[in-house]
Amino acid sequence: ANTVVTTSHDDKGRSHCWMGLRFQTKPQSQPQDIILHVRMLDRLRLMQQEALGVLGVNLLFAAFYLVDLETEFVASLVENIGFDRLEIDFLKFSGDALKHIDNNRLSLELVRQGLTKSVMFSPEGEALLAADTLYGKPVVVQKGTFRPIINTNVQILEKGLEQVQKVTSKAPLVCFEVSISKFYEKESGVAEEQWDVPDILARVQTIGALGYHVMVSKYALYSSLKKHLRRCTSEEIIFFIGADSLDKLLDSQVYEEYPGGLLGAMGQLFDKNTRVYVYPYKTKALCLTAKTFSPSPQQQSLYRYFLENHYLEDILGCDEVDSSIRSDDVRDMLAQGNKEWEKHVPEPVCQLIKEKKFFGYKEK
C-alpha cells in the first residue's frame, strides 16, 4: 500500500492512491506484481476508507482465482462497491508468470466495463496514468476516429502547433484522443459485443508509430474531456477541431443531459487556459472556417463572444491541406484493394497496416 490522499467532503473526487499486490503463484517462486491507481469518489473519508478496504479484499480474491481471466478480473474489482464510488484508471501486471497477460487489453477493459472513462498510452504503446503524464504540461488534443490516422491529420497538427508555440512557454504534449463513446450509447443500437479491441489497439499502435501519445476514452463531449484533462494539468489545453464540427459543438440538443445545458457545457469547456483551434473544412463548393461559420440565430451572440475573445481561432496556413479526405475514405480504398490509400497515409503507418493487416487490409 502507499499513502492515500484523502479529501474533505467539499472536494469530491480528489482522493486517490496507488495500491498493489505482490504474490507468488507457487511456493518458492519469483514474486508477481499487480499495481493499480484508484480515485475515491465518496465525499466522506470513512466511506473512502471502507471502499478501499473492500477493493483490497477483491484484489486478493482476483489474484487467487481470476488472474488468467481479464474480463472477470476487472469486473471483480468493484464487486460490492459499485461504479459510483471508485475509479480505477491504471492497472498493470508484471512478473514472469504474468507475461502472457496484455496490459493494454486490460487497460481497455477498464474503460469497456466503466471503471474509468479514459486510459492513456505512450508512443511505445505502454499504458500510462494520465495525471502523471500530463502534470505541469500544456496539452494539444486532436479528437477523432483515426481508423487509420492519415496525412491530413498530421498536416493539420503541424500547422496548428506552429501557432500554439507562439502562445505557450513550454513545449506541449500532443495527444490524439480516440473516442469510443458510441459503443456505450444504447439509443445507437450498437451492441456492447461489437467492442473491437484489436481495432482500437491498431489505432493506438499506428498513432504511436508517429511518436504521439494516445488517449482512448468514452468522453463524447469536449467539455467532459476538458474537465478530465484539467484534473491532470493547470497549463494550456488546446483542442484542434474541424470547422464542420462547430455546429455540433454549439448544438443545444447535444447538451440536454448536461448540467446547465449548452451554457453549462461551454462554461466547463472554456477557461483562461483553454482554447479551440479550428482547421478548415473544404469541398469544391465551400471552404468552412471558424470565421465563415454561421451558427443558428440563438447562438450567434455566444459564438461571437468566443471569437472576439480568442477562445476560438482558425488554424492558418492550411490552404494546401486536403481536409476533404477522411479516414472512412481511406478505409474504403483498403477494402476495395485500391492502392491509392497509400498516398493518404504516413509512411510508418502504411508499413504497419501492410505488415499487420490492420483495418481490413488484404494483400492483392
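For the structure, check the block above.
Residues numbered from 1 in each chain as written. Predicted model: local features only at pLDDT ≥ 70, side-chain atom pairs only at ≥ 80, totals over all residues. Heavy atoms only, no water.

A.B. asks: Could you clarify how one ought to interpret the pattern of salt bridges in this entry?
C.D. replies: Oppositely charged side chains may form a pair once their charged atoms are brought near each other. All chains considered together, the criterion is met by 18 salt bridges. Note that Arg39 is salt-bridged to Glu87, the shortest N-O span being 2.4 Å. In this pair, Arg39 is assigned in strand 2 (residues 32-40) and Glu87 in strand 3 (residues 86-94), connecting sequence segments 48 residues apart. With a relative accessible area of 10%, Glu87 lands in the buried category. A salt bridge links Lys170 to Glu235, with the shortest nitrogen-to-oxygen separation between them at 3.4 Å. Of this pair, Lys170 sits in the loop between helix 5 (151-164) and strand 7 (173-179) while Glu235 sits in the loop between helix 7 (222-232) and strand 9 (237-242), and the two are 65 residues apart along the sequence. Overall, the relative accessible area of 38% leaves Lys170 in the partly exposed class. For Glu235, a relative accessible area of 19% puts it in the buried group. When salt bridges with common partners are traced through the structure, they connect Asp42, Glu50 and Arg85 into a single cluster. (Salt bridge = Lys/Arg side-chain N within 4 Å of Asp/Glu carboxyl O. Helix = DSSP H or I, 4+ residues; strand = E, 2+ residues; numbered from the N terminus. Buried < 20%, exposed > 50% of the residue type's maximum accessible area, 1.4 Å probe, protein only.)

A.B. asks: Would you mind showing me how to read the sheet that holds strand 2 here?
C.D. replies: Paired through backbone hydrogen bonds, the strands of a sheet run either parallel or antiparallel to each other. What the three strands build is an open sheet, ordered 1-2-3; its pairing is antiparallel. Each edge of the open sheet carries a strand with a single partner, namely strand 1 (15-23) and strand 3. Looking at each pair of strands side by side, their axes are set apart by 15 degrees on average, direction ignored. Relative to strand 3, strand 2 runs antiparallel, the two sharing eight bridges. Residue pairing for strand 3: Ile35 is matched across the bridge by Lys92. (Pairing = 2+ DSSP bridges. Axes fitted to C-alpha atoms, helices over the stretch in contact; angles between N-to-C directions.)

A.B. asks: I tried to follow the nonpolar core on my own but got confused; where do I start?
C.D. replies: Note that soluble globular proteins tend to have their nonpolar side chains buried in a common cluster. Leu108, Val216, Trp341 and Ile353 are the most contacted members of the largest nonpolar core, which totals 48 residues. At six residues, the largest contribution of residues to this core is made by helix 6 (residues 197-208). Those residues in contact with Ile353 that lie beyond four places of it in its chain are Pro148, Leu334, Trp341, Val345, Phe358, Phe359 and Tyr361. Counting residues in each nonpolar core, the second largest holds 36 residues, with Leu225, Leu250, Leu269 and Leu312 among its members. (Core = buried A, V, L, I, M, F, W, Y, C linked by side-chain atoms within 4.5 Å. Contact = heavy atoms within 4.5 Å.)

A.B. asks: I would appreciate a short explanation of the environment of Asp247 in the present structure.
C.D. replies: Here Asp247 is to be found in helix 8 (residues 246-249). With relative accessibility at 46%, the residue Asp247 sits in the partly exposed group. In sequence terms Asp247 and Pro295 are 48 residues apart; their C-alpha atoms lie 6.7 Å from each other.

A.B. asks: Just checking my understanding: could you explain the sheet that holds strand 7 for this structure?
C.D. replies: Ordered by their spatial adjacency, eight strands build an open sheet running 5-4-8-7-6-9-10-13, and the pairing between neighbours is mixed. Among the strands making up the open sheet, the edge pair consists of strand 5 (127-128) and strand 13 (312-314). Against the sheet, helix 7 contacts strand 4 (118-121), strand 6 (139-144), strand 7, strand 8 (213-217), strand 9 and strand 10 (274-279), and its axis sits at roughly 155 degrees relative to strand 9.

A.B. asks: Explain the packing of helix 1 (residues 45-65) against helix 2 (residues 70-77) to me, please; I cannot follow it from the model alone.
C.D. replies: Relative placement of two packed helices is described by the angle separating their axes and the distance separating the axes. Packing of helix 1 against helix 2 leaves a shortest axis separation of 8 Å and a crossing angle of 160 degrees. When the axes of helix 1 and helix 2 are compared, the pair comes out roughly antiparallel. As helix 1 packs across helix 2, the resulting crossing turns out to be right-handed. On helix 2, the residues touching Leu55, Asn58, Leu59, Ala62 and Ala63 of helix 1 are Phe73, Ser76 and Leu77. Tallied by class, residues from the contact of helix 1 with helix 2 come to six nonpolar, two polar and no charged. (Parallel < 35°, antiparallel > 145°, perpendicular 65-115°, else oblique. Left-handed = near helix turned anticlockwise from the far one by under 90°. Nonpolar A, V, L, I, M, F, W, Y, C, P; charged D, E, K, R; others polar.)

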